[in-house]
Amino acid sequence: MLDDSKDVMGVITERIEGRFQMPLADLRRAVEAAPQANPEATTVVHWYGLLAETQQALDTAEDALVEALGTHAGDVLDDPVVELAHQVNAAVASRDGRAMVVKYLLDPNAPGKRGPGVWRGASPAVRRAPALPTSPPTLPSARNATARGATR
């Protein structure tokens, strides 16, 4: 397993524990006991579980790739080794995507979470307001208009 994967999980775990002011194991038990008590905590724990599953899949794929590379001789990689490398890349992308979701859920200032009137929660009138002025444009009067290239 690569060291950065431990760092990702460790940093996110610390952020969750800091946000909810309790160890992750306690938070998981609390969410399991009463999932409706704190919908935000329930969502974060759910996505953290998905992230942990993906991290485990990444660890397995990395271990298989390292093993295959250890037994491989030569400069050119054969198809099974290349396929393992693709699996590692896909697992990293999936892990990073899920990590971004958890980070978003933990960030109270993230877009879409800035309070009423900004994104969600705005009054219907605010949401329907035109983005641009809708008054008709003023047209120049015919006697003051000069055609291009014409002289008066």
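Residues numbered from 1 in each chain as written. Predicted model: local features only at pLDDT ≥ 70, side-chain atom pairs only at ≥ 80, totals over all residues. Heavy atoms only, no water.

Chemist: Help me understand the overall build of the protein, please; the structure alone is not making it clear to me.
Modeler: In terms of regular secondary structure, the protein is built from five helices and zero strands. The linear arrangement of helices and strands in the protein, starting from the amino end, is α-α-α-α-α. Per-residue burial over the protein gives 23% buried out of 152 residues. In the protein, of all internal contacts separated by at least 6 residues, the share reaching a separation of at least 24 is 56%. A total accessible area of about 10,900 Å² is found for the protein, and carbon and sulfur atoms account for 58% of it. (Helix = DSSP H or I, 4+ residues; strand = E, 2+ residues; numbered from the N terminus. Buried < 20%, exposed > 50% of the residue type's maximum accessible area, 1.4 Å probe, protein only. Contact = heavy atoms within 4.5 Å. Areas by Shrake-Rupley, 256 points an atom, 1.4 Å probe, with all protein chains shown as cover.)

Chemist: What is the right way to look at the environment of Pro80 in this model?
Modeler: Mapped onto the elements of the fold, Pro80 is located in helix α4 (residues 79–106). Taking C-alpha positions, Pro80 is 9.4 Å from Leu65, a pair spaced 15 residues apart along the chain.

Chemist: Honestly, the side chain of Asp59 in this entry has me stumped. Any pointers?
Modeler: Assignment of secondary structure puts Asp59 in helix α3 (residues 39–71). Despite being buried, Asp59 has no salt bridge partner; Arg95 is the closest side chain of opposite charge, sitting 6.5 Å away. Separated by 2.8 Å, the side chains of Asp59 and Gln55 make a polar contact. (Lys, Arg positive; Asp, Glu negative; His and termini not counted. Salt bridge = Lys/Arg side-chain N within 4 Å of Asp/Glu carboxyl O. Polar contact = N/O pair within 3.5 Å; in protein donor to acceptor, adjacent residues only side chain to side chain.)

Chemist: Hey, could you run me through unusual backbone geometry in this one?
Modeler: Among all residues save glycine, negative phi is the norm, and among peptide bonds the norm is trans. Backbone geometry at Gln21 places phi at a positive 55°, although glycine is not the residue there. Position of Gln21 among the secondary structure elements: in the loop between α1 (3–20) and α2 (24–33). By relative accessible area, Gln21 is classed as exposed at 67%.

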